[in-house]
Amino acid sequence: MIDKIAVIGAGIMGRGIALVYALHGYRVALHDINPEAMNQAKALINADLMLLVNEGMVSHADQQTALTNITPTDNLKEAVGNASFITEAAPEKLSLKWQILSQIEAHAPTTAIIASNTSTLPLAELNKHLARPERMLITHFFNPAHLVPLVEIIRIVSTPDKTIKTILNLLRRIGKIPIVLKKEVPGFIANRLQAAILREALHLVATDVASQQDIDLAVTAGPGFRWSFIGPLETADFGGLDTWQSVMNNLAPELDCTPTVPAVLKEMNHQGHLGVKTGQGFYTYPNKQIIADKIHQRDLEFIRLLRLRRKEGFQPDS
Ligand SMILES: NC(=O)c1ccc[n+]([C@@H]2O[C@H](COP(=O)([O-])OP(=O)(O)OC[C@H]3O[C@@H](n4cnc5c(N)ncnc54)[C@H](O)[C@@H]3O)[C@@H](O)[C@H]2O)c1
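Nothing here was measured: the structure is a model prediction, and the numbers come from that model.

Novice: In this structure, what is going on with the overall build of the protein? I would like to understand it.
Specialist: Across its full length, the protein carries 14 helices and eight strands. For the protein, the C-alpha radius of gyration of 21 Å lies close to 20 Å, the compact-globule estimate for 318 residues. With the principal axes as the frame, the protein shows a C-alpha extent of 60 × 45 × 45 Å. By residue count, 39% of the 318 residues in the protein fall in the buried class. The long-range share in the protein, meaning contacts at least 24 apart out of those at least 6 apart in sequence, stands at 66%. Counting only carbon and sulfur atoms, one obtains 59% of the accessible surface of the protein, whose full area is about 17800 Å².

See below:
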């Protein structure tokens, strides 16, 4: 049974993962080596909770419980010492993750299940130096982790089915929608689909088919509007697979399938335009307040969508 949880790394993902577990009654030790990151995490967890309270998703009592449930610590041994489940959410560097995972294994109870939130590192590489690699799996959350329902689970052949069942139950208890991959592929499922769409969107930018605003609108007001409730395969069923065969016959040769980083993306990076990090990407972000406002507005829309999905039965109540 999972009772105490440890989250290692209090950055973008770790703080959201810690928050969602704490909101659902779990005691969470949140560990980071960087005091500044920890302070920022605390402030952002407070702000995320305020928004949930203001939107009527969380009561004042639950807000207080969530805050009490999170124990920040700069000591990894203390964080994992009595945890039954540990999620590593440190930067995406294999050697760093190896080092952290070895420390976790050295100090956590032998029965504890260990997860990584990696987006791209293969599980068979990550678990390589563990004495018991079968105790580790990947639980891949999406940003913002306390709001996006999907969690992808990646296992190895020797992962006990009991472990998968325990983690599925845990994730469902915190209101998530977990899926277990039958086999591991680079990028898992969701990021492969996102990358395929981004590659085509970048191709449309490069060939000047429409403005970037209109390319984004073509997704948010079109397929994206449908996708929260009906996925691409079911959409194809409703469109007719004979129609889709014709569409693919005409379109497949036209779609971008360059097996390298798209030139537009390389050029943006070359010019130092990294998006909100530098204030310039496909759009301009003149100051930090504008970025904070956009994140606030995005989270507000996500909360409203989450509420609607729950009302319509697309999402378990949590
Ligand atoms: N950002 C995303 O949208 C996203 C989405 C899904 C998965 N992921 C994955 O989640 C993981 C974390 O990504 P992130 O975006 O939260 O990164 P981040 O850089 O925002 O946060 C990482 C945190 O780990 C801390 N850290 C560094 N070394 C540490 C150590 N030795 N011990 C403890 N803490 C340490 C850093 O101080 C930082 O606060 C990565 O594996 C990433 O690929 C990220």
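Novice: What's the story with the packing of helix α2 (residues 35-54) against helix α3 (residues 60-69) in this structure? I'm lost.
Specialist: Two quantities define a packed helix pair, namely the angle between the axes and the distance from one axis to the other. Put simply, α2 and α3 touch, their axes get as near as 10 Å, and they point 160° apart. Compared by their axis directions, α2 and α3 come out roughly antiparallel. Both α2 and α3 take part in a crossing whose hand is right-handed. In this structure, α2 uses Ile45, Asn46, Leu49, Met50 and Val53 to contact α3, whose residues at the interface are His60, Gln63, Ala66 and Leu67. Here the contact of α2 with α3 is composed, by residue class, of six nonpolar, three polar and no charged.

Novice: What am I meant to see in the pattern of salt bridges here?
Specialist: Close approach of charged atoms allows side chains with opposite charge to pair. Here the structure, examined in full by the defined rule, presents nine salt bridges. Put simply, Arg307 and Glu55 hold a salt bridge, and the shortest N to O gap is 3.5 Å. In this pair, Arg307 is assigned in helix α14 (residues 288-311) and Glu55 in the loop between α2 and α3, connecting sequence segments 252 residues apart. You can call Arg307 partly exposed: its relative accessible area is 33%. For Arg298, the salt bridge goes to Asp299, with nearest N and O atoms at 2.9 Å.

Novice: Explain the site of the ligand here, please?
Specialist: In the region of the ligand, 24 residues are neighbours, and Met13, Asp32, Glu92, Lys97 and Ser119 sit closest. The contact in question runs from an oxygen atom of the ligand to an N or O atom on the backbone of Ile12, over 3.0 Å. One of the backbone N or O atoms of Ala90 is found 3.3 Å from an oxygen atom in the ligand. Here the ligand, which alone exposes 830 Å², has 78% of that area covered by the protein.

Novice: Looking at this model, I keep getting lost on the nonpolar core. Mind explaining?
Specialist: It is characteristic of soluble globular proteins that their nonpolar side chains tend to be buried jointly. Ranked by internal contacts, the top residues of the largest apolar core, which has 43 residues, are Ile5, Tyr21, Phe85 and Phe141. Taken together, the elements giving at least two residues each to this core come down to β1 (4-8), α1 (12-23), β2 (27-31), α2, β5 (113-116), β7 (150-154), α7 (161-173) and α14. The element contributing the most residues to this core is α1, with eight residues. Lining this core are residues from two domains, each supplying at least three of them: domain 1 (4-180) and domain 2 (191-311). Sequence-distant contacts of Tyr21, that is, excluding residues within four places in its chain, are made with Ile5, Tyr26, Val28, Phe85, Phe141, Leu170, Leu171 and Ile174. Of all hydrophobic cores here, the second largest spans 25 residues; its members include Ile8, Ala83, Leu126 and Leu130.

Novice: What exactly am I supposed to notice about the domain arrangement of the protein here?
Specialist: Its domain assignment divides the protein into domain 1 (4-180) and domain 2 (191-311). Using C-alpha coordinates to define each centre, domain 1 is positioned 28 Å away from domain 2. Each partner contributes to the interface: domain 1 provides 13 residues, whereas domain 2 provides 12 residues. Counting each side, the surface lost to burial between domain 1 and domain 2 is near 1200 Å², with a carbon and sulfur contribution of 63%. If you look at where domain 1 meets domain 2, you find two salt bridges. Where domain 1 touches domain 2, the interface holds two residue pairs in polar contact (both at pLDDT 80 or more). Looking at the side of domain 1 that touches domain 2, the element that brings in the most residues is α2, giving three residues. Each residue belonging to the side of domain 1 that touches domain 2 can be placed in one class, and the counts come to eight nonpolar, three polar and two charged.

Novice: Sorry if this is basic, but what is going on with the pairing of β1 here?
Specialist: Consecutive side chains of a regular strand alternate in pointing toward one face of the sheet and then the other. Taken across its five residues, β1 has four buried, putting it largely inside the fold. In this fold, β1 hands off to α1, which returns the chain to β2; that crossover is right-handed. Here β1 runs beside strand β4 (residues 85-88); their pairing, made up of four bridges, is parallel. Within β4, the position partnered with Ile8 by the bridge is Glu88.

Novice: Any chance you could explain a nonpolar patch on the surface here in plain terms?
Specialist: A cluster of nonpolar side chains, contributed by Ile179, Ile189 and Leu193, occupies part of the molecular surface with about 230 Å² of accessible area. Among the residues examined, Leu193 registers a relative accessible area of 48% and is labelled partly exposed.

Novice: What exactly am I supposed to notice about the packing of aromatic side chains here?
Specialist: The relation between two aromatic rings is expressed through the spacing of the ring centres and the mutual angle of the planes. Tallied over the full model, the rule gives four aromatic pairs. On the numbers, 6.2 Å between centres and 80° between planes, the contact of Tyr21 with Phe85 is edge-to-face. Of this pair, Tyr21 sits in helix α1 while Phe85 sits in strand β4, and the two are 64 residues apart along the sequence. Between the aromatic rings of Tyr21 and Phe141, the centroid separation amounts to 6.3 Å while the plane-to-plane angle is 70°, which identifies the pairing as edge-to-face. Pair noted here: Tyr21 is in helix α1 and Phe141 is in the loop between β6 (136-140) and β7, with a separation of 120 residues, a long-range link. The buried category is assigned to Phe141, whose relative accessible area is 2%. Through a chain of ring-to-ring contacts, three or more aromatic side chains come together here, namely Tyr21, Tyr26, Phe85 and Phe141. Its guanidinium or amino end placed over the ring of Phe229, Arg309 lies 6.0 Å from that ring's centre, counting from NZ or CZ.

Conventions and cut-offs
- Residues numbered from 1 in each chain as written.
- Predicted model: local features only at pLDDT ≥ 70, side-chain atom pairs only at ≥ 80, totals over all residues.
- Heavy atoms only, no water.
- Helix = DSSP H or I, 4+ residues; strand = E, 2+ residues; numbered from the N terminus.
- Rg over C-alpha atoms; globule rule 2.2 N^0.38 Å.
- Buried < 20%, exposed > 50% of the residue type's maximum accessible area, 1.4 Å probe, protein only.
- Contact = heavy atoms within 4.5 Å.
- Areas by Shrake-Rupley, 256 points an atom, 1.4 Å probe, with all protein chains shown as cover.
- Axes fitted to C-alpha atoms, helices over the stretch in contact; angles between N-to-C directions.
- Parallel < 35°, antiparallel > 145°, perpendicular 65-115°, else oblique.
- Left-handed = near helix turned anticlockwise from the far one by under 90°.
- Nonpolar A, V, L, I, M, F, W, Y, C, P; charged D, E, K, R; others polar.
- Salt bridge = Lys/Arg side-chain N within 4 Å of Asp/Glu carboxyl O.
- Near = heavy atom within 4 Å.
- Polar contact = N/O pair within 3.5 Å; in protein donor to acceptor, adjacent residues only side chain to side chain.
- Core = buried A, V, L, I, M, F, W, Y, C linked by side-chain atoms within 4.5 Å.
- Domains from an automatic or database assignment.
- Buried area = accessible area lost by both parts, 1.4 Å probe.
- Right-handed = clockwise from strand over helix to strand, strands pointing away.
- Pairing = 2+ DSSP bridges.
- Patch = residues over 30% accessible without salt bridge, like charges linked within 9 Å, V, L, I, M, F, W, Y side chains within 5 Å.
- Phe/Tyr/Trp six-rings, centres within 6.5 Å; stacked < 30°, edge-to-face > 60°.
- Lys NZ or Arg CZ within 6 Å of the ring centre and 35° of its normal.

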